[in-house]
Amino acid sequence: MKKTALFTALGSATALLLAASAPAGAQSAADRAVEAAKQFAGTTLNITWEAGLQANDPLNFSGPRWEELTGIKINVVEVPINELFTKTLAEHRASTGAFDLLNVVPAWIPDLAEAGALEPLDDFIDKHGYREELADIAPVYRDNQMAYRGTIYGLPDDGDVLIMYYRKDLFGDAAHQAAFKGQFGYDLAPPDTWAQFKDITQYFTENRPHDGFYGSAMIRSPGLIHYYFEERFRVEGGEFFDAETMKATINSDIGVGVVEGWIAEHEFMPPGAEAWGPIEVLNAWLAGDLAIMGWWPPPGRWSAGYGDFEILSFVPESKVAGKVGYALPPGGAPQLAAGFSLAVSSDSKNKEAAYLFAQWLNSREVSLERVQLPFALRDPFRTSHFESPEYQNLWPDAKDYLATLQAGAETGLLDLSIRNTFAYEESLTRAITAAFGGDDAKEALDRAAEEWDRITDRVGVEEQKRAYGDWIAKPNAYPN
Amino acid sequence: MSVAVASGGGFGRWADRRFKYLLILPAVLILLLVGVFPFINILIVSFQDISLIFEDRSFHGLLNYKRLFTEARLWQAILHTVIFTLVALPLELVFGLLMALLFLEPIRGRQVFLALLIIPTVISPIVAGATWRLMFDNQFGPINQILGWAAGEPVPIIWIVQKGFVWPAILIAEIWQWTPFMFLLLLAALSNVDKSQVEAAQIDGASNLRIFFRIVLPAIKPVLAIVLLIRALDLFRLFDVVWALTQGGPGTRTETLSTYAYVQGFQQFETSYTSAIAFVVVVLLSIVVVLALRRVEIAR
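Residues numbered from 1 in each chain as written. Chains lettered and ligands numbered in written order. Predicted model: local features only at pLDDT ≥ 70, side-chain atom pairs only at ≥ 80, totals over all residues.

A. Main features of the overall build of chain B. In terms of regular secondary structure, chain B is built from 14 helices and two strands. For 300 residues, the compact-globule estimate of 2.2 N^0.38 gives 19 Å, and chain B exceeds it by more than 25% at 25 Å. Summarising its shape, the C-alpha atoms of chain B cover approximately 85 × 65 × 30 Å along the three principal directions. Residue burial in chain B is summarised as follows: out of 300 residues, 29% are buried. (Helix = DSSP H or I, 4+ residues; strand = E, 2+ residues; numbered from the N terminus. Rg over C-alpha atoms; globule rule 2.2 N^0.38 Å. Buried ≥ 20, exposed ≤ 12 C-beta atoms within 10 Å, placed from the backbone.)

Here you go:
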């Protein structure tokens, strides 16, 4: 982290010099990218992007505009999030050169960089004077999701963080406040602990304002559930490994408590909530059927009902506009949960053009537009996004929303990122879903811990110990 | 008159003798390219150590084959696959045969029913799986709705999560999709049974059951054997429906050999280990197919 920060500081000075020598009329990083990219007019860039709503950005906004500005066509290859890593690595292994620009989840950067799939970006950054603008990216993303062993491989481009949304109209209701205090002995407010969270979900399920209303629902589907485990496990004091022996410790009492806690909470969630994915949770939330829920930042925008909802027609129209409060999850240290960095494929035949598109997308002014797109999923990740008066005025509570995201960007917990992270996540996910399916939580986590140990042995205990050491040295690996 | 005689040259005679081989050469080369080469490549890779972390192409002996015998999860997946095959195959056979027998008799609108019945078979299995996932949705799916009407109260079954329901859900989807395949082939076979033999047996007073087992079944046996073989192989490779419905979960409860191999090969990037699995499976299934075909030949 320190090394990256140092590079950033040094780079800022370089960038200033470069900016000073840039041609007139090309002062911003976005403008410089456009000017430099014009030499590649007529090229087509193949870019990977998460399938679904995420891809609306390059398909409907940034891609067409870039082509208009530079003459470079953008071909968007949509890939489901749980196949992005596999596809990226498989194409690299086969040296197909199928992709130029890659969307990568930062936790995968160590594996992809070690595999040689990613092009180092430092030279491009210096050549096109981008270091100064990198300094504006919120530290938790910039210092943790950009570089691997001192080399920059990705431009952090998405401020993913799991925050809580709650119905401030219900939480602020005097009758509910009195009844809740009478039942639980403390004030009704966004929960500071997961025990309080359970009380709140119980209260609102038992005192539902209308039929079909439940205290909460949270994302429980495979592929995402491990993020919630990683967050709650660390917030409650858990550590993934014994740092000396590298033996897995996810099956500790804390780990078992997390899974058993979830199972207990399902009693106060809609029937079948243990299989709910993000869309089910979102549907119930926007329909006004939940008191509190956790998600990435987009529901903050969708709940407010601003923007063009035509592309979002598959989710119900928001019935909660103006009724939503934002909070960090219990413990105050939210999981950053995925996020995306823009990386250049080492197999690309158009590396510089691909980098320039990334710089333009990621630049201060273009990214500010992108994170305000109501139909896409890119979330604020720059200090200038959080403090943008334009964004703060998008809806009445937008300032509170941005403040919560900014707070999350300060205390947010990094996703586990070591060698072969994907294998550990897959194993953990299976253990959790097995417990949801009726297996004993302790036995399921014991099996997962054994599998984690085997994965570690396969990677090499010393190699993994070094990777884990690098990771825990980052300030946001565990709660401060 | 051959080209060789017409030209009278040495090359002409050579070409004439080998003309038939030249004709099949492109097909043989394509077969080698798409069939034999990948198989040999799998064999070679299975003796190397290629994974996400390592790309060591040197010879590692039986490293990956030893691992096959120590991975409990693999054996559990094989067990799931075998049991599922043993349960699904007879059910598909019985349902398919009953439907075929029913359709042997003249029915009004027979062609329309036939067209409707084969629809599941022409749907992509992954689409069928995704559709069944929606059908089994505990909140909006019609299955729970119908069960709820029958029970007179909401039915809270979570088909793709709860222990006792995940396999039945997969079984229902699989039978729904592939029974029509069994039905179609058996209908064709039953249609070709010599009617005069059946009529003669009826005149002699043989019961329907006796006619079926003594005349009809022997007549359709070769087709039956081939149909069972094809479906058994398909079931042994069961992937799409399981992946779309449960992804092998909860935990590894519905993991089959194919989903396990997919996870190892394309999620954990254990390329050499997965190659070893693939090689062993191909060899085992080849033996089963050869033996089965030999039995069919004997039966004929």
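B. Molecular detail of the pairing of strand 10 (residues 324-327) of chain A. All names here are of chain A. Side chains Val324 and Tyr326 project from strand 10 onto one buried face, and the interleaved Gly325 and Ala327 project onto a second face that is buried too. Here strand 7 (residues 163-167) pairs with strand 10 via four bridges, running antiparallel. Among the inter-strand pairings, Arg167 is bridged to a residue of strand 10, identified as Val324. (Pairing = 2+ DSSP bridges.)

C. The confidence of the model for chain B, seen in detail. Residue and element names in this part refer to chain B. Chain-level statistics for chain B give a pLDDT mean of 90 and a share of 96% at 70 or above. Across residues 1-6, where pLDDT falls below 50, the model places nine contacts with residues more than four positions away in sequence or in other chains. At the level of chain-chain contacts, confidence expressed as ipTM amounts to 0.80, with global pTM at 0.86. (pLDDT = per-residue confidence, 0-100. Contact = placed C-beta atoms within 7 Å.)

D. Focus on the domain arrangement of chain B. Residue and element names in this part refer to chain B. Under the domain assignment used here, chain B contains domain 1 (3-46) and domain 2 (67-299). For domain 1 and domain 2, the distance between their C-alpha centroids amounts to 39 Å. Each partner contributes residues to the interface: domain 1 has five residues there, and domain 2 has seven residues. (Domains from an automatic or database assignment.)

E. A look at the environment of A:Pro380. All names here are of chain A. Assignment of secondary structure puts Pro380 in the loop between helix 17 (364-370) and helix 18 (383-386). What makes Pro380 buried here is the crowd of 27 C-beta atoms within 10 Å. Spatially, the C-alpha atoms of Pro380 and Leu402 are 8.0 Å apart, while their sequence positions differ by 22 residues. Not counting chain neighbours up to four residues away, the residues in contact with Pro380 comprise Gly159, Val371, His385, Phe386, Leu402 and Leu405.

F. Structural context of the sheet that holds strand 8 (residues 214-217) of chain A. Residue and element names in this part refer to chain A. Taken in spatial order, the four strands make up an open sheet running 8-9-7-10, and their pairing is mixed. Strands at the two margins of the open sheet, each flanked by one partner only, are strand 8 and strand 10. Here the strands of the sheet are splayed against their neighbours by 15° on average, with no regard to which way each runs. Along the sheet, helix 11 (residues 194-206) makes contact with strand 8 and strand 9 (290-295), crossing strand 8 at roughly 135°. Running at roughly 20° to strand 10, helix 20 (residues 398-411) makes contact with strand 7 and strand 10 of the sheet. (Axes fitted to C-alpha atoms, helices over the stretch in contact; angles between N-to-C directions.)

G. Representation of the nonpolar core. Counting 174 residues, the largest nonpolar core has A:Leu101, A:Ala217, A:Val281 and A:Phe357 as its most contacted members. Per-element accounting of this core gives the leading share, nine residues, to helix 21 (residues 421-436) of chain A. One finds B:Phe183, B:Leu186, B:Ala189 and B:Leu224 within the second-largest nonpolar core, a separate group that totals 12 residues. (Core = buried A, V, L, I, M, F, W, Y, C linked by C-beta atoms within 7 Å.)

H. Inspection of the packing of helix 21 of chain A against helix 22 (residues 441-459) of chain A at higher detail. Residues and elements named next belong to chain A. Here helix 21 crosses helix 22 at 165°, and the two axes come no closer than 8 Å. Compared by their axis directions, helix 21 and helix 22 come out roughly antiparallel. Considering only the axes of helix 21 and helix 22, their crossing is right-handed. Contacts between helix 21 and helix 22 involve Ala423, Tyr424, Ser427, Leu428, Arg430, Ala431, Ala434 and Ala435 from the first element and Ala441, Ala444, Leu445, Arg447, Ala448, Glu451, Trp452 and Ile455 from the second. Looking at side-chain class alone, the contact of helix 21 with helix 22 contains 12 nonpolar, one polar and three charged residues. (Parallel < 35°, antiparallel > 145°, perpendicular 65-115°, else oblique. Left-handed = near helix turned anticlockwise from the far one by under 90°. Nonpolar A, V, L, I, M, F, W, Y, C, P; charged D, E, K, R; others polar.)

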